[in-house]
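Analysis of the macromolecular model
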Amino acid sequence: MLAARDVRVTIVGAGPVACLVAIELRKRSFEVSLYERGSDVRLATGARGHSFNLTLTRRGLTSLDEHIVDMLYRNGVVLPQRVIHHVDGTTSCQPYGTDPDLHHLLSIPRSLLHEMLLDEAEKAGARLNFGFECIGVEPASGSATFVDGGAGIVRTSADLLIGCDGANSIVRHEMFRRGAQMRISQDYVADGFVEIRIPALTGGGHALLDAARDPERPRHPRHGLHIWPRGEFMLLAQPNVDGSYTAGLWMPMVGGDDGEGGERLGWDRVRTPQDVRALFEEHFPDVVDLASSYADDVLQWSPAPLKTVRCDPYHHGRTVLIGDSAHTLVPFFGQGINCSFEDVRTFFALFDRNLAETGSGTGSETGTGTGHDAAAALAATLPAYTEWRRPAGDTIADLSLAMASELKDRSGDVAFQTRKKLEKELHLRHPRLYVPLYHAVAFTDTPYQDAVARHERHRAVLDELCARHDPAGEAELIIAAYAEAIGRADPGSGPVPAPAPDSGSGRSDGRAAGIGHLVPAPRAEQRPGGIHGTTGTGLHLDPAQQKELLDVVTSRLMDFHEDLSKGNHPAWYRVAAAEPPRAEQRAPRTGTAVATLLDEIFDSALPDGMMHPHPGFMAHVPSGGLFQGAVGEFVARSLNRFAGAWAAAPGFARLEANVIDWFCSLMGYGEGSFGYLTTGGSIANFMALRCALERLPEHQHHRAAVYVSEQGHFSVAKAERLAGIGAGGHRSVPTDGAYRMDLVALRETIERDLRYGTPPACVVATAGTTNTGAVDDLRAVAELCREYGVWFHVDACFGGFFRLTRRGRVLLDGIEEADSIAVDAHKSLFLPHGSSALLVRDKGTLKQAFAIPDAAYIPELSQDDDRPDFMDYGPELTREFRGLTAWLPIKMHGINAFERCLDDKLDLAEDLAVRLAGVEGIDIVSRGEPHLPTVAFRVRANNVSDTDDTDDAAEAARLTERACELICSRGNIYVATSELPREGHVIRACIMHHQTDAGVIDQFVEDVRWALHRLGEE
Ligand SMILES: Cc1cc2nc3c(=O)[nH]c(=O)nc-3n(C[C@H](O)[C@H](O)[C@H](O)COP(=O)(O)OP(=O)(O)OC[C@H]3O[C@@H](n4cnc5c(N)ncnc54)[C@H](O)[C@@H]3O)c2cc1C
């Protein structure tokens, strides 16, 4: 059997793209030979002739291995802005985006990039042959003919021939000549360019750096792409690490009349040193003294002409074009090499997928795949590659042509700059609703054609608004109107956002972005019923398809989590003013590509509303949600075992029982205790009431009474209804000065009920009220319940697991006396939503409340109490296996890690309370010692703490509400307001996110101060 290493590939050319292709092929163990007509540039001495700088962006960088990207960042210069040198001698800066760490170009001399890639290809095991010029190709068979330097003829044959031979590709020409039904178009643009060197300053340093100062940050000069836009011609300069600049003068090849009686410059009119000097002194006087050799530079080389080449298809027989040979661009968008590198990435993503489908996989870097598989996968890759890259090549060719006029002419224009400023502000405020085209092209992976299509839609709206309003004076109005119009029409707008830079290097190589959206959805006819199954009838995904689905989803999830951790998401997004109607009334009849669906999930659904996973989210008790817990749940769901009966999945039932036992012991329960994992505290409270009612004769259930503090959770009232307790049975017991249940009042209420014949069913004590985190005196309630023989339930959904900490044990003293306890692991164990439990001191009470004997279709269940059937211990029969959500994180980290995290939250809340108390104009709701990590506070009216005066109280409520809005508006923190009987309107912060740290608290205090300052100004 053939091994993948027996599959031979010939590459024509050894430019940068050929080298990257060779590296990728070698990773997959192919035999690779490159034939380059030139000599090895690494051996060149002295002057090198033409070499210019390339600007790399996300698309290009993402396609390279990490160590190459590192080398590039070490040897290149980051350009976060354009620096415009105006005709009047002034300069202005135009940042490329909102975040220089993310939105920048990496400028690198082409020769340096080329040399690095040659080294890497050689190291990877590719055979490099220099001085071999390709003179003929047989695309159907993959053979090629070369002449070597000594005029000998060499013929090669290969399983695949790749033309990486640049703009004037002979391979393309031969494909056309030998039977490929190919459309080729070639357009020359009027321009040509010559290169000029601006040397480093004597003693080192960049001569133009001073010109690149942003007026808003004059102490921090930044490099930039320097542009001298002069209408028909322009000078561009890019800095190098050694202090020099590589500049290029661009001009039409042929001059002429400008149509207004003047002369239009062209290369044909710049022939002598005097011509060049006159040109520079008039148009680029600031460069004259910096580039002493400019006249020689200009005259040394003939201007290189530029052209755009398009062709279709990119493949024929066993031959394929990659890079400039397939699409040659004019370099004004700086995307030529980026697009070509993206070609390579896409090609190999397609190949890998095809290989996985064809057979055994390459065993990348191990060469375990078979040659037959690899050859078949290659054959399947070529047409798909044309299909997915050709539209990209055509689109970026058009964009590159359009960019020429922006750079030469419009970049210095005031109206143009005003519009750019408006677009930037719009993007800053509504990053999903407006993405400048340049941003989408340079800083995202969105396919070029999609970026353009989206941009066209949005530009039309903006154009119309700019025609109606003045973009300079009425920017706010335009922005608001735009957001409303687009938010309504296209709520999911926006390309795939660029990932945040590596924290250390400050670069945006985008490696984490993945390739899911670059690689096309396989067509339905190829894979009926597959993940993109647009027409397929089958529902099953085979393992390769499952993995692909997971990979694509993982990539999107990681983008989101990485963005979140880098602070790229606010804690709260305002819900769109005009929400889109529920457009989809019926289920779709056919399938949609997963990439599109993920766009809908991540770009459209996710951003609206509250952002619980944000470390600054403090509005609700649950937030965060440990990723490990979600993984546990995913594993359980994808295994889809039924653990409601022990015998059905004994291994998983045991894991779930373990979790319940852990929870019981954490609450101080001993032998005989047990529980049931529920989706939330509401169900747990309901189950507790059902157990409590078991103590009463059935005819008393509907008129029994339940006692809960007025600060207790509303789910208790709901649970009463579910349990069949009549509406008149709810007893709301007053609270004391610390918002804990007033025990004197409780006793009186029970006594009254007994007097009037109402049976007391249950006292629900609260261990952590939502408003202030107050914990009732559990030991005292336990005694009182014992005295009256009433079921004692603790709603410990907020505070329960704080019993892990020393302070929590003091606070929750007596909880172990309860008959039942509701706990939310999605609160005080930081797990994802839906991780709660009801725990009971006596296992039998659960079974008594929920087991239904003798259903004929249920086989005989376990009689062994050590092997419980969960269906007998709770309200559900069929349910998902819940244990892994808690089991995995607890096993992974050990319970001590949770204790430390809980302790940390208590410290942070203490710190926040102390610091807010020190802020002028704030009143803190008093907190006991110790206290759960909730801090409630309000803004004073007229600097009066006492709100007995109704006017002051109303004003304090207004100010507090407004302060809350202002705090949230900054996007760092999200808090909510609530009402307290004594203090009235308060802002409430629950510090319960596992990632909330001292930095977040600092930010919170700063945002509160800022909000108060703003309030003072309003
Ligand atoms: C002035 C200028 C500025 C640019 N700036 C940018 C930029 O800022 N950012 C960007 O992304 N892109 C830029 N580009 C585009 C970028 O340079 C190209 O996209 C990139 O070099 C293409 O690489 P390639 O390997 O496909 O082709 P090439 O770099 O052209 O390499 C082709 C190789 O094939 C060899 N070859 C050709 N014919 C034969 C033959 N018959 N037999 C054997 N060997 C042969 C050649 O000698 C050469 O080594 C710029 C281009 C120009 C001209």
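Check the entry above for the structure.
Residues numbered from 1 in each chain as written. Predicted model: local features only at pLDDT ≥ 70, side-chain atom pairs only at ≥ 80, totals over all residues. Heavy atoms only, no water.

This part is about the sheet that holds strand β32 (residues 922–924). Pairing is antiparallel across the open sheet formed by four strands, whose spatial order is β32-β33-β35-β34. In this open sheet, the two strands that pair with only one neighbour each are β32 and β34 (976–980). Mean inter-strand twist for the sheet, computed between neighbouring axes without regard to direction, equals 40 degrees. In this fold helix α27 (residues 895–917) packs onto β32, β33 (934–939) and β35 (984–990), with an angle of close to 15 degrees to the strand it touches most, β33. Along the sheet face, helix α29 (residues 998–1017) touches β32, β33 and β35 and points at about 15 degrees away from the line of β33. (Pairing = 2+ DSSP bridges. Helix = DSSP H or I, 4+ residues; strand = E, 2+ residues; numbered from the N terminus. Axes fitted to C-alpha atoms, helices over the stretch in contact; angles between N-to-C directions. Contact = heavy atoms within 4.5 Å.)

Next up on the list: the packing of aromatic side chains. Here the structure, examined in full by the defined rule, presents 23 aromatic pairs. Ring geometry for Phe-233 and Phe-284: centres 6.1 Å apart, planes at 90 degrees, overall edge-to-face. A residue pair is termed long-range when its members are at least 10 positions apart, and Phe-233 in strand β15 (residues 233–239) and Phe-284 in the loop between α6 (273–283) and α7 (285–288) qualify at 51 residues. Across the pair, exposure class does not vary: Phe-233 and Phe-284 are buried alike. Here Phe-674 and Tyr-873 contribute two aromatic rings whose centre-to-centre distance is 5.2 Å and whose plane-to-plane angle is 75 degrees, an arrangement assigned as edge-to-face. Residue Phe-674 is found in strand β25 (residues 674–678), and its partner Tyr-873 is found in the loop between α25 (843–850) and α26 (884–893); the two are separated by 199 residues along the sequence. Judged by relative accessible area, Phe-674 falls into the buried class, the value being 3%. An aromatic cluster of three or more residues is present, and its members are Phe-52, Phe-193, Trp-250 and Phe-332. (Phe/Tyr/Trp six-rings, centres within 6.5 Å; stacked < 30°, edge-to-face > 60°. Buried < 20%, exposed > 50% of the residue type's maximum accessible area, 1.4 Å probe, protein only.)

Sheet faces and side chains relate simply in a regular strand, where the side chains alternate between the two faces. Most of β33 is tucked away, with six of its six residues classed as buried. Residues Thr-934, Ala-936 and Arg-938 line one face of β33 and the alternating positions Val-935, Phe-937 and Val-939 line the opposite face, and both faces are buried. Inspection of the sheet shows β32 paired to β33 by three bridges, in the antiparallel sense. The residue bridging Ile-924 from the neighbouring strand is Phe-937, located in β33. Pairing analysis gives four bridges linking β33 to β35, with the strands arranged antiparallel. Paired with Val-935 across the two strands is Ala-989, which belongs to β35.

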